[in-house]
Amino acid sequence: MFGWFRKHFMPEAATPAAVFDEYGDDVETKLGAADPWGSLKGQVALITGSTSGIGWAMAEALSCRGVKVVLNGLGDRAEIEANRRALEVRTGAPVRYHDADMTDPDEIAAMIAFARKEFGRLDILINNAGVQHVEAVEDFPPEQWDRIIAINLTSVFHATRAAVPIMKAQKRGRIVNIASAHGLVASPFKSAYVAAKHGVVGFTKTVGLEVAQHGITCNAICPGYVMTPIVKNQIADQARTRGISEEEVVKTVMLAAQPTRQFVTFDQLTGLLLYLVSDAGASANASSFSVDGGWTAQ
Ligand code: NAD
């Protein structure tokens, strides 16, 4: 029975352990590794906000499976170029970079056009760029509200509206929006972020319904806390706003909500991503997938 399952769904797998273990390993180990959901080689992915954190982990996961990747995000240009080149060399799959600012609709449209021009198609769009600001609502600076809504929510609309016609013409596409547990539940002092992420979850449902008959899916991944720069930066802010130590923030604010009391890892997120973008993910549509250790079940 298991042999039959393996033959049809994990054709290249040496052993089941080899399939699942590799999500926890580094790029070199992932290179050439078998995938349970089939090959993605030759597909084209654009990942917004992929110069660090979750976006970079997703870029690595796709690139080492032969996907042609367009990176995007802020940061030191020389460092971004060095990382881009190193990834390309390690995986052998072409990697490009576009510097679109996610607050600018014209730059977002130009970035989508760039992906198609460079690689001739666009199979996977991951709307991942995001920022945070932690402050009580009465003190929340309006410019921070506008910035968070623009980057975390409005950019998802602009990238999606530019990508859908390309995907419709291909009769295939995968849109994955990186929302958050905060797309499903709230926490105090994060009014803009929670509003934006709830918006992303709603937008995901609507787009999923619109594209369902075109071979396209649109889903949201809702991670709990992952230790990335966006979280590291919050620890000090939360400590200040709540009047507690940074250690207490991690223990009593962040991981208190996460029943596993563990940060979510990059590999746990890319495992789900690989399923959603594969052919096996064709019926997973217009949905939000929680990867939060059980946080939002409470
Ligand atoms: P991160 O700070 O490491 O990455 C954010 C990325 O967005 C960076 O590449 C940054 O350059 C880019 N970015 C920011 N402003 C931009 C702009 N104006 N234009 C273009 N790019 C811009 O943080 P992360 O934790 O990897 O966050 C990635 C996504 O995951 C975000 O949408 C975030 O809300 C979401 N998320 C993170 C966590 C977590 O605990 N880390 C949990 C749930 C959801």
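For the structure given in this document, a descriptive report is provided here. (Residues numbered from 1 in each chain as written. Predicted model: local features only at pLDDT ≥ 70, side-chain atom pairs only at ≥ 80, totals over all residues.)

### Side note on the sheet that holds strand β4 (residues 124–127)
In space, the 7 strands of this open sheet follow the order β3-β2-β1-β4-β5-β6-β7, with parallel pairing throughout. The open sheet has two edge strands with one neighbour each: β3 (95–98) and β7 (288–291). With strand direction ignored, the average angle separating the axes of adjacent strands in the sheet is 20°. Sheet topology note: the β4/strand β5 (residues 173–178) ladder contains 4 bridges and is parallel. (Pairing = 2+ DSSP bridges. Helix = DSSP H or I, 4+ residues; strand = E, 2+ residues; numbered from the N terminus. Axes fitted to C-alpha atoms, helices over the stretch in contact; angles between N-to-C directions.)

### Observations regarding the site of the ligand
In the region of the ligand, 29 residues are neighbours, and Gly49, Gly53, Gly73, Gly130 and Thr228 sit closest. Contributions of two or more residues to the shell around the ligand are made by α4 (53–63), α7 (142–170) and α9 (229–242). Residues that form the shell around the ligand fall into these classes: 13 nonpolar, 15 polar and 1 charged. (Near = placed C-beta within 6 Å. Nonpolar A, V, L, I, M, F, W, Y, C, P; charged D, E, K, R; others polar.)

### Digging into the environment of Ile54
Tracing the backbone through its elements, the reader meets Ile54 in helix α4. With 174 residues separating them along the chain, Ile54 and Thr228 place their C-alpha atoms 7.4 Å apart. Other than its neighbours up to four places away in sequence, Ile54 contacts Asn128, Ile178, Val226, Thr228, Phe266 and Leu269. (Contact = placed C-beta atoms within 7 Å.)

### A look at α9
For α9, spanning 14 residues, the distance from its first C-alpha to its last is 20 Å, which sits close to the expected 20 Å at 1.5 Å a residue. At Ile235, α9 shows its largest kink, close to 25°. (Expected span 1.5 Å × (residues − 1). Bend = angle between axes of the 7 residues up to and from the residue.)

### Details of the packing of α9 against helix α10 (residues 246–254)
Running from amino to carboxyl end, α9 crosses α10 at an angle of 90°, the nearest separation of the two axes being 8 Å. With respect to α10, the axis of α9 lies roughly perpendicular. Only Glu246, Val249, Val250 and Val253 of α10 make contact with α9, whose side of the interface consists of Ile235, Ala236, Gln238, Ala239 and Arg242. Its residues assigned to classes, the contact of α9 with α10 comprises 6 nonpolar, 1 polar and 2 charged. (Parallel < 35°, antiparallel > 145°, perpendicular 65-115°, else oblique.)

### Observations regarding the nonpolar core
By size, the foremost hydrophobic cluster in this structure holds 68 residues, and its most contacted members are Ala45, Met58, Val69, Ile112, Ala163 and Leu273. Among the elements that make up this core, the one with the highest residue count is α7 (9 residues). Once residues lying within four places of it in the same chain are set aside, the contact partners of Ile112 are Leu46, Leu122, Ala159, Ala162 and Ala163. (Core = buried A, V, L, I, M, F, W, Y, C linked by C-beta atoms within 7 Å. Buried ≥ 20, exposed ≤ 12 C-beta atoms within 10 Å, placed from the backbone.)

### Considering the environment of Pro229
Mapped onto the fold, Pro229 is located in helix α9. For Pro229, a count of 9 C-beta atoms within 10 Å gives the class exposed. With sequence-adjacent residues up to four places away left out, Pro229 is seen in contact with Ser52 and Gly53.

### What about α4?
The buried count for α4 comes to 11 of 11 residues, which makes it a mostly enclosed element. Taken together, the buried positions of α4 are occupied by Gly53, Ile54, Gly55, Trp56, Ala57, Met58, Ala59, Glu60, Ala61, Leu62 and Ser63.

### Here we look at the packing of α7 against helix α8 (residues 191–211)
At their nearest, the axes of α7 and α8 sit 9 Å apart, and the two run at 10° to each other. On the basis of the axis angle, α7 is roughly parallel to α8. α8 is crossed by α7, and the crossing has right-handed handedness. Only Ala192, Tyr193, Ala196, Lys197, Gly199, Val200, Phe203, Val207 and Val211 of α8 make contact with α7, whose side of the interface consists of Gln144, Trp145, Ile148, Ile149, Asn152, Leu153, Val156, Phe157, Thr160 and Val164. For the contact of α7 with α8, the class distribution of residues is 14 nonpolar, 4 polar and 1 charged. (Left-handed = near helix turned anticlockwise from the far one by under 90°.)

### Quick look at the pairing of strand β1 (residues 44–47)
A two-sided burial pattern is seen for β1, the buried positions comprising Val44 and Leu46 on one face and Ala45 and Ile47 on the other. In terms of strand pairing, β1 meets strand β2 (residues 68–72) through 4 bridges, oriented parallel. Within β2, the position partnered with Leu46 by the bridge is Val70. Note that the unit made of β1, α4 and β2 has a crossover that is right-handed. As defined by bridge partners, β1 adjoins β4 across 3 bridges and the pair is classed as parallel. Each residue of the ladder has a partner; that of Ala45, found in β4, is Ile124. (Right-handed = clockwise from strand over helix to strand, strands pointing away.)

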